[in-house]
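Chain and residue survey
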Amino acid sequence: MRVPARLAQGEDLEAITRDAVLTRGLGRAYGDAALPPRPGARVAGSRLADRVLALDEARAVLRAEAGISLLRLHQLLLPRRLLVPVVPGTAFVTLGGMVAADVHGKNHHLAGSFGDHVRALRMRLASGEVREVRAPEQEDLLRATIGGMGLTGHILEVEIDLARIPSPWLIEEREVFPDLESLLAGLLADGARWPYTVAWADALARGAALGRGVVSRARFAEPPEAPEGVPARGRHTSVPLDLPWLPRFGVALHNRLRLAATHSGRRTVSPYASFHPLDAAGNWNRLYGRHGFTQHQCVIPREAGTEPVHELFRVLARTGASSYLVVIKDFGREGRGLLSFPRPGITVCLDLPLADPRTRPAVEALDEVVIAAGGRIYLAKDQLTGPAPFRRLEPRLEAFLAARRRFDPERRLSSALAVRLFGDPA
Ligand SMILES: Cc1cc2nc3c(=O)[nH]c(=O)nc-3n(C[C@H](O)[C@H](O)[C@H](O)COP(=O)(O)OP(=O)(O)OC[C@H]3O[C@@H](n4cnc5c(N)ncnc54)[C@H](O)[C@@H]3O)c2cc1C
């Protein structure tokens, strides 16, 4: 998806956000969240505003400009036995982007989402005013901004609590499960003992094997278990060209081989490999061809049980849509933001190629399953859901829009996502 914008880049984020309709980080949101509402609208690009402003190692508190990347933070913090407490599946995201999407990681069941660790923000509001935003005094603006997808103000600086780690290495184990129900049970059981858990499921398997997969669990190594030194990002390759849309049978075969090759033994891995495996292959999205892909990510509430998760897989089988990569995580507490995605339950991410005509009807059917289960979809990934289903998915929408009206009464801030879902003028 491309919408031409006037992207203002610069080290002085306070200056370049003046008159901008939106701030964009590293553009890792899958859909239209970081795109302008209309061609030619001025967007501030934060990536050059990347200074660390304060690091208090004794208190484990960091303050930095919003454009700093998670990769740079890892490089700064891991040697100090400190960690950004919640990290998403790629390190090519900015601090501001992590706040705006209220991102989650493999430790959501224990640590919650990114916003739970935010102490303060420095923001440029829609009125132009630049303000320090700190709880509890301004918890209402914080709650609207965390998960607010950039629509309540430009985040200039972020102050967060860091996590302490015993070493910069992880101990990881994997276990294969023959079907979806045992995979989900394995994931939830591991969550009671392991801080980092995730499942990968095979949505192209047939019959009882549909949804079979691998649970991966990890924890930071204690000093006697850890190798010498600090892990480096390691070698990475790049997909040099857009590949034709992958044939279904090729991926089904790949899935079968992947399951057969999974070793259940314990291994020591770097945080880069464990938390951000896709970062090892630059431009991996080109594997989906010129049109790219969308991701349907939902959370099925704990009280709805596992049946709706089975139904998501059955929808894929029924519609013939091919989801090549299915990732499942265990969610803990409700997010702090008015529109935060996480809530207690099971989150399922389905990658779907946009070139496939079956993808759009599949997304519509998947949304219906989520609505019936009382669940949510993730705005940082979505690009195909329409305003009517979104309203049914989000009973919290009116509260968010009311907060947005309060902090931006003239609706100066907007995005392509706000045009699609919230009725903003294009
Ligand atoms: C391979 C991959 C794996 C991922 N894995 C996960 C995962 O495990 N968990 C998860 O939660 N997410 C995941 N994501 C999504 C990603 O973490 C979010 O989309 C994140 O917001 C991207 O950060 P960014 O800096 O690239 O922001 P962008 O994509 O540039 O922007 C995203 C949103 O944040 C807003 N924004 C960005 N910077 C600012 C700012 N300074 N002030 C105000 N608003 C701002 C934008 O306006 C936009 O609405 C993944 C994405 C990829 C590509």
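A brief look at the structure comes next.

**Here we look at the nonpolar core**
Within the largest apolar cluster, 111 residues are counted, with the highest numbers of intra-cluster contacts made by Phe114, Ile328 and Phe422. At seven residues, the largest contribution of residues to this core is made by helix α10 (residues 359–373). Ignoring anything within four residues of it in the chain, the contact list for Ile328 reads Leu180, Leu183, Leu184, Leu187, Val198, Ala199, Ala201, Phe313, Ile346, Thr347 and Val348. With six residues, the next largest nonpolar core counts Val251, Ala252, Tyr288 and Tyr324 among its residues.

**Describing empty space enclosed by the protein**
Considering all chains together, one arrives at two cavities of 30 Å³ or more under this definition. Approximately 70 Å³ is the volume attributed to the largest cavity. Taken together, 13 residues line the largest cavity, and the ones lying closest to its centre are Leu339, Ser340, Phe341, Tyr378 and Leu379. In terms of residue class, the lining of the largest cavity is made up of eight nonpolar, two polar and three charged. In this model, the second largest cavity occupies a volume close to 30 Å³. Around the second largest cavity, the lining residues are Leu83, Val84, Pro85, Val86, Val87, Lys106, Asn107, Tyr196 and Phe275. Taken together, the residues that form the lining of the second largest cavity break down as seven nonpolar, one polar and one charged.

**Considering the pairing of strand β3 (residues 42–45)**
Bridge analysis of strand β1 (residues 6–9) against β3 gives four bridges, and the strand direction is parallel. Bridging across to β3, Ala8 finds its partner in Ala44.

**Some points on the layout of surface pockets**
Taken as a whole, the second largest pocket spans an internal volume of roughly 150 Å³. The wall of the second largest pocket is formed by 13 residues, among which Pro85, Asn107, Ala163, Pro195 and Tyr196 lie closest to the centre. Here the residues of the lining of the second largest pocket sort into ten nonpolar, two polar and one charged.

**A closer look at unusual backbone geometry**
In this chain, Ala135 is followed by Pro136 through a cis amide linkage whose omega measures 0°. With respect to the helices, strands and loops of the structure, Pro136 is situated in the loop between β8 (130–134) and α5 (139–145). Here Ala60, not a glycine, exhibits a phi torsion of approximately 55°, which is positive. Mapping Ala60 onto the fold places it in the loop between β4 (52–56) and β5 (61–65). One non-glycine residue, Arg411, lies in the positive phi region at around 50°. Within the fold, Arg411 resides in the loop between α12 (397–407) and α13 (416–422). Taking the relative accessible area as the measure of exposure, Arg411 reaches 42% and is therefore partly exposed.

**Re the state of the cysteines**
As enumerated under the stated definition, the model contains zero disulfides in all. Looking at Cys298, it has no disulfide partner, and the nearest cysteine sulfur is the one in Cys349, 8.3 Å off. The exposure class assigned to Cys349 is buried, which follows from its relative accessible area of 5%.

**Digging into α12**
The set of residues buried in α12 consists of Leu397, Phe400, Leu401, Ala403, Arg404 and Phe407. Summarising the axial view, the buried residues of α12 lie within an arc of 160°, below the 170-degree limit, and thus occupy one face. Tucked into the core, α12 has its buried residues touching α5, α11 (387–393) and α13.

**Examining the site of the ligand**
Of all residues adjacent to the ligand, which total 34 residues, the nearest are Thr23, Gly25, Ala29, Thr94 and Tyr378. Taking Thr23, its main chain carries an N or O atom lying 2.7 Å from an oxygen atom of the ligand. One of the backbone nitrogen or oxygen atoms of Arg28 is found 2.8 Å away from an oxygen atom of the ligand. Taking 960 Å² as the accessible area of the ligand by itself, protein coverage stands at 97%. Among the secondary structure elements, those contributing two or more residues to the shell around the ligand are β2 (22–24), α3 (95–100) and β9 (154–161). Residues that form the shell around the ligand fall into these classes: 18 nonpolar, twelve polar and four charged.

Rules used throughout
Residues numbered from 1 in each chain as written. Predicted model: local features only at pLDDT ≥ 70, side-chain atom pairs only at ≥ 80, totals over all residues. Heavy atoms only, no water. Core = buried A, V, L, I, M, F, W, Y, C linked by side-chain atoms within 4.5 Å. Buried < 20%, exposed > 50% of the residue type's maximum accessible area, 1.4 Å probe, protein only. Helix = DSSP H or I, 4+ residues; strand = E, 2+ residues; numbered from the N terminus. Contact = heavy atoms within 4.5 Å. 1 Å grid on protein atoms, 1.4 Å probe; cavity = no way out; pocket = protein on both sides within 12 Å on 5 of 7 lines; lining within 4 Å. Points joined across faces, edges and corners; volume = space filled by probe spheres on them. Nonpolar A, V, L, I, M, F, W, Y, C, P; charged D, E, K, R; others polar. Pairing = 2+ DSSP bridges. Disulfide = S-S within 2.5 Å. Arc of directions from axis to C-beta. Near = heavy atom within 4 Å. Polar contact = N/O pair within 3.5 Å; in protein donor to acceptor, adjacent residues only side chain to side chain. Areas by Shrake-Rupley, 256 points an atom, 1.4 Å probe, with all protein chains shown as cover.

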